[in-house]
Amino acid sequence: MKVSMQSILISFKIISKIHFKRICFSALNVFLGVVNSFVFGVLFFKFFIEALFEQKNLFHIIILIIVQLVWQILYSYYNEYYSNIYKPKSNAKIQEAIYTRLFDKTVEMGVHTLESPDYLDIFRMVMQKSADAMIFIVENVFNYIMNIILVILNGGLLVTYDPLLFVPIILGVVSSYVLEIIRNKYQIKKNNALNPLFRKFEYIKRIFHSADYALDIKTTNIFDVLIKSSDDTNDSIIQTQRKFNRKLCFIMSLSAVLSILFRYVPYALICANAIITHVLTSGDIAVMISSTGSVRGAINSLLRLYPQIQESSVYITNYQNYLAREAEIEWNEEGEEPAAKANGISLKNVSFSYDGRNEVLKNISIDIKGGEKIAIVGRNGEGKSTIVKLLLRLYKPQSGEIYMDGKPAEAYALKAYREQFGVAFQQTQIYAVSVLENVLMKPCEEGEEQAKEIVENALKRSKLYERIKEEERGVEATLTKEFDQDGIELSGGQAQKLALARVFARNCGIVVLDEPSAALDPISEAEMYESMLEAMTDRTVILVSHRLSACRNVDRIYVIENGRVAEQGSHNELLQREGLYAQMWNLQASGYMDK
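Below: a short report on this structure. (Residues numbered from 1 in each chain as written. Predicted model: local features only at pLDDT ≥ 70, side-chain atom pairs only at ≥ 80, totals over all residues. Heavy atoms only, no water.)

## Quick notes on the overall build of the chain
Which entries qualify depends on this criterion: To qualify as a helix, a DSSP run of H or I must reach at least 4 residues; to qualify as a strand, a run of E must reach at least 2; elements of each kind are numbered from the N terminus. The reference for a compact globule is 2.2 Å times residues^0.38; the radius of gyration itself is calculated from the C-alpha atoms. Any residue under 20% of the maximum accessible area for its type is buried, any over 50% is exposed, and the rest in between are partly exposed; the area is computed with a 1.4 Å probe on protein chains only. Should any heavy atoms of two residues lie within 4.5 Å, those residues are counted as being in contact. The protein chains shown are the only cover counted for residues, whose accessible areas, like all others here, come from Shrake-Rupley with a 1.4 Å probe. As used throughout, the charge tally considers Lys and Arg to be positive and Asp and Glu to be negative, leaving His and the chain termini uncounted. Charge positions are represented by NZ for Lys, CZ for Arg, CG for Asp and CD for Glu.
When you go through the chain residue by residue, the secondary structure sums to 18 helices and ten strands. Its C-alpha atoms give the chain a radius of gyration of 35 Å, more than 25% over the compact-globule value 25 Å for 595 residues. Principal axes of the C-alpha set define a box for the chain whose edges measure 120 × 50 × 50 Å. Taken over 595 residues, the chain has a buried fraction of 46%. Of the contacts formed within the chain by residues at least 6 apart in sequence, a portion of 75% connects residues at least 24 apart. Summed over its atoms, the accessible surface of the chain is roughly 31,300 Å², and 56% of this surface lies on carbon and sulfur atoms. Charge-centre separation for the chain: the mean point of 65 positive side chains lies 7 Å from the mean point of 68 negative side chains.

Here it is as C-alpha cells:
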C-alpha cells in the first residue's frame, strides 16, 4: 500500500504542477457522476416507476421525463466535451511536460549509461508508460472517491430494505478482487518479459526504415540476417505471450463466471422477497435492483483500483528512479563560466577504460595552449577519438585530471564548459529541420536576418553555400525528405561540410575536428583545411586525423600508439626523428605517389 500511496502523491504533485485545471475537472466529474448515478439513476427511477404504476399521474410522469431528458442532454454534452475536446488536449499537455523532463534528464546522463541495454529497457518503459500511468492514477483516485460516495448512498438504501443482499454482492466483489490481483501479477511479469523483445523488434524495424542502412540491405545478405533475427524475436514474443496468456485467460474466464453467478443471486433474493412478503412496491423493487447493481459496481471498482494502481506504480517508480539516477559527470550548474577566448586545455596523467578492465588510454598527458593548433594522429583504434570524448567530458577518466585554462574541468558548469567547444565528428547527424537550425543547432524562426547571415557565412567558409543557394528557400529549406518531399538530401562529403559549418557558426574557444575530411576528396580536403586554419586564427584547434597531410601546418603533433603518447613535435621535427610518425608519413605519401 505504501508504494501505491507514494505513487498517488507523486502523480497528483506532478499533474497539479503541470495542469491544475485537470484536477478541478476531475473533482467536478465526481460531483456530476454522483448526481447522474444516484439522483437520476436511482431516485428518479423510483419516482418514475411509482408515478407510472402506483400513482398513475400523467403530469408527474411528463415532468419527470422532461427533467431526466434535460439532464441527460446536458450531462451527455459535458461528457462529450470532456472526453473528446478537453481531455485529449490536457493529456497532450501533461505528456509533453513529462517527456520534456525525461529528455532533459537523458541529456544529463553519461554516455556509458546511454550504452547500457538495461538502461535502454528502462527508458523505453518509462517513455511509453509513465505519463499515461500518472494520468490513470489521478483519474482513478477521483473515481475511487465517487465510488465511496455511491456505496454509502446506495448501501444506505439497501440496508433499509434487506441487509442480506450485501452477502452475494461482497462475495462476488471479493472473488473478482482476488482474481484481479493474481491477473495483475502475471500481467506485470508478462510486460517485463516482453519489453526487451519489443525493443529488439523495434530496432530491426528502424533499420529497414532508415536510409542509412538501405545500401547494405540492397547489396548484401544482411537482409537475411535481419529477417532471421526478426523471425526469432517474433517467435520469442509469441512464446512469451502464449506462456502468460493461457494463465491470464483462465483467470479472467473464472472471474467472468463468478461475476455472472453472484450478479444474479441478489436479483433472485429481491424477487423472492417481493413474492413472499407482498410489501414491496414497484418503486421499492426498482430501487433495490438499481441500488444493488450500483453498490456491486462501486465496491468492485474500489477493490479493483488497488491492483490497477499497483501496476501503474511500477511505471511511476521507474520514472522516479530514472530521474533520481546520478549522472556520472556532475552537471554543476553553480560552477564557473569559462572565459570567452581561445582556451587552453590539457590532460594530466589520464587513463581510461570503457569496460573498467582494458585500458584504452594509459597515463596520457597532453598540454594545449590557448590559440595553439595541434593534431592528434595514430592508427585506427589507438584512442584518438576517446581523447576527444574525454575533453568534452562525455566520459570520466579512471585516473588523472583534465584542465581548462589551468583550472580543473569539474570547476566549470558542464553546459557552459561544453559550449566552449565546436566539434565536427566523422559521423555527422543530419536532422529533419531547416538548414538554419541544422547549422546553428538551436531553434531559429524564419526571417531572423542575423541568424541567416551567420549561417550563410559559415556555409561559405565550409564550401557548402553554393549547394544550399540552389534551393528556392535557401537556408530556410528543410534537410532530408523525412517530412518534406522537397527536402535537401546531402551526400557524405556535403554532410561533413555541414559539420564544419556548425563549427564556423559557433562562437567557441576550442575547435575539435575529429576525422572531419574522411568523406572528402584530397582537393576538397586541402581547401577545407586551408579555409579552416585561416578562419580560426583566434581559436584553439584540435585536429584528429589519420590523414597526415592535414597535419603539416599545425603547431604541434601528438602521435598516439598503444594508448600512450609515443611522439610529439612539429611535422618537420617528427620527420627528422624517423620514428612512428615518419613511417606513417612515408607510407601514406607512397600510396598517393602510386596512385
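## What to know about the nonpolar core
For the record, the criterion: Working definition of a nonpolar core: buried Ala, Val, Leu, Ile, Met, Phe, Trp, Tyr and Cys residues. They are joined through side-chain atoms within 4.5 Å.
Grouped together as the largest cluster of nonpolar side chains are 52 residues, with contacts concentrated most on Ile98, Leu102, Tyr319 and Tyr322. A total of 17 residues in this core trace back to one element, the largest contributor, which is helix α5 (residues 117-161). Each residue touching Ile98, except ones within four places of it in the same chain, is listed here: Ile14, Ile18, Ser130, Ala131, Met134 and Tyr319. Judged by nonpolar contacts, the second largest core, of 45 residues, contains Leu440, Val475, Val503 and Met536.

## Quick notes on the packing of aromatic side chains
Operational definition: Working definition: a ring pair exists when centres of Phe, Tyr or Trp rings (six-membered ring for Trp) sit within 6.5 Å. Plane angles under 30 degrees give stacked, over 60 give edge-to-face, the rest tilted.
Applying the stated criterion across every chain yields a total of 15 aromatic pairs. Ring geometry for Tyr417 versus Phe421: centroids 5.3 Å apart, planes at 55°, classification tilted. Just as Tyr417 is buried, Phe421 falls in that class too. One aromatic cluster in this structure is built from Phe25, Tyr78, Tyr82 and Tyr86.

## Remarks on the layout of surface pockets
The probe, sized like a water molecule, is rolled over the atoms to show the empty space still left. We apply this condition: A cavity here means a set of points on a 1 Å grid, drawn over the protein atoms and nothing else, where a 1.4 Å probe fits but cannot get out; a pocket is an open set with protein on both sides within 12 Å along at least five of seven lines, and a residue lines either one if it has an atom within 4 Å of a point. Grid points are joined across faces, edges and corners, and a volume is the space filled by probe spheres set on the points. Each residue gets one label: Ala, Val, Leu, Ile, Met, Phe, Trp, Tyr, Cys and Pro are nonpolar, Asp, Glu, Lys and Arg are charged, and the others, such as Gly, are polar.
Of the pockets and cavities examined, the largest pocket occupies roughly 1,800 Å³. Arg418, Glu419, Phe421, Met441 and Arg506 are the residues nearest the centre of the largest pocket, which is lined by 44 residues in total. Put simply, the parts of the chain that give the lining of the largest pocket at least two residues each are α3 (58-108), α4 (111-114), α11 (414-419), β6 (421-424), α12 (435-440), α13 (449-461) and α15 (492-505). Class assignment for the residues of the lining of the largest pocket results in 24 nonpolar, eight polar and twelve charged.

## So, the sheet that holds strand β10 (residues 564-569)
What counts, and what does not: By the convention used here, strands pair only if DSSP detects at least 2 bridges between them. Lines fitted to C-alpha atoms define the axes, with helix axes restricted to the stretch in contact, and inter-axis angles between N-to-C directions lie between 0 and 180 degrees.
An order of β6-β7-β8-β3-β9-β10 is seen for the six strands of this open sheet, with the pairing classed as mixed. One side of each edge strand has no neighbouring strand; the edge strands of this open sheet are β6 and β10. Each strand of the sheet is rotated relative to its neighbour by a mean of 15°, with strand direction disregarded. Here five bridges tie strand β3 (residues 373-377) to strand β8 (residues 540-545), and the two strands are oriented parallel to one another. When the bridges of β8 are listed, Val377 appears paired with Ser545.

## Examining helix α9 (residues 282-324)
Applicable threshold: Multiply 1.5 Å by the residue count of a helix minus one, and that product is the helix's expected span. The bend reported for a residue corresponds to the angle between axes fitted to the seven residues ending at that residue and the seven starting there.
If you check α9, its first and last C-alpha atoms are 61 Å apart, about what 43 residues at 1.5 Å a residue would give, namely 63 Å. The largest bend along α9 measures about 30° and falls at Leu305, with the proline Pro307 one to four residues further on.

## Thoughts on the sheet that holds strand β1 (residues 345-353)
Taken together, four strands build an open sheet; the order of strands is β2-β1-β4-β5 and the sheet is antiparallel. Edge positions in the open sheet fall to β2 (359-368) and β5 (407-408), since each of these has one partner strand only.

## Focus: unusual backbone geometry
Within the chain, Asn349 stands out as a residue other than glycine whose phi angle is a positive 50°. With respect to the helices and strands, Asn349 occurs in strand β1. When its relative accessible area of 42% is taken as the criterion, Asn349 is described as partly exposed. For Asp405, which is not a glycine, the phi torsion comes out positive at approximately 50°. Given the relative accessible area of 28%, Asp405 is considered partly exposed.

## Observations regarding helix α10 (residues 384-391)
Among the eight residues of α10, six are classified as buried, and the element is accordingly described as predominantly covered. Of all the positions in α10, only Lys384, Thr386, Ile387, Val388, Leu390 and Leu391 are classed as buried. Remark: Arg393 follows α10 within two positions and exhibits a positive phi of approximately 60°.

## Quick notes on the environment of Met109
Checked against the element boundaries, Met109 lands in the loop between α3 and α4. Taking the relative accessible area as the measure of exposure, Met109 reaches 6% and is therefore buried. Through-space distance from the C-alpha of Met109 to that of Ala274 is 69 Å; in sequence the pair is 165 residues apart. In contact with Met109, not counting residues within four places along its chain, are Leu114, Tyr119, Tyr322 and Arg325.

## Here's the deal with the packing of α5 against α9
How we decide: Any angle from 65 to 115 degrees is called roughly perpendicular, while one under 35 is roughly parallel, one over 145 is roughly antiparallel, and all others are oblique. Two helices crossing with the near one rotated counterclockwise from the far one by less than a right angle form a left-handed crossing, whereas a clockwise rotation gives a right-handed crossing.
Direction vectors running N to C along α5 and α9 enclose 155°, while the axes themselves pass 5 Å from each other. It follows that α5 is roughly antiparallel to α9 by the angle criterion. Handedness of the crossing formed by α5 with α9: left-handed. Here the residues of the contact of α5 with α9 sort into 27 nonpolar, twelve polar and two charged.

## Brief notes about the side chain of His571
As for its placement among the helices and strands, His571 is situated in helix α17 (residues 571-577). Judged by its relative accessible area of 9%, His571 falls in the buried class. Discounting chain neighbours no more than four positions away, the residues touching His571 are Cys551, Arg552, Ile557, Tyr581 and Trp585.

## Points about a nonpolar patch on the surface
Let me state the cut-off plainly: Two distance rules govern patches: like charges are joined within 9 Å, and nonpolar side chains (Val, Leu, Ile, Met, Phe, Trp, Tyr) within 5 Å, applied only to residues with over 30% relative accessible area and no salt bridge. Only one rule defines a salt bridge in this text: a Lys or Arg side-chain nitrogen within 4 Å of an Asp or Glu carboxyl oxygen.
A cluster of nonpolar side chains, contributed by Leu58, Ile62, Ile66, Val70 and Leu74, occupies part of the molecular surface with about 470 Å² of accessible area. Exposure remark for Leu74: the relative accessible area of 55% places this residue in the exposed category.

## Considerations on the packing of α3 against α5
At a minimum axis distance of 10 Å, the contact between α3 and α5 shows a crossing angle of 145°. Once α3 is placed against α5, the crossing between them reads as right-handed. Contacts from Tyr82, Lys87, Asn91, Ile94, Gln95, Ile98, Tyr99, Leu102, Phe103 and Thr106 in α3 reach Tyr119, Phe123, Val126, Met127, Ser130, Ala131, Asp132, Met134, Ile135 and Glu139 in α5.

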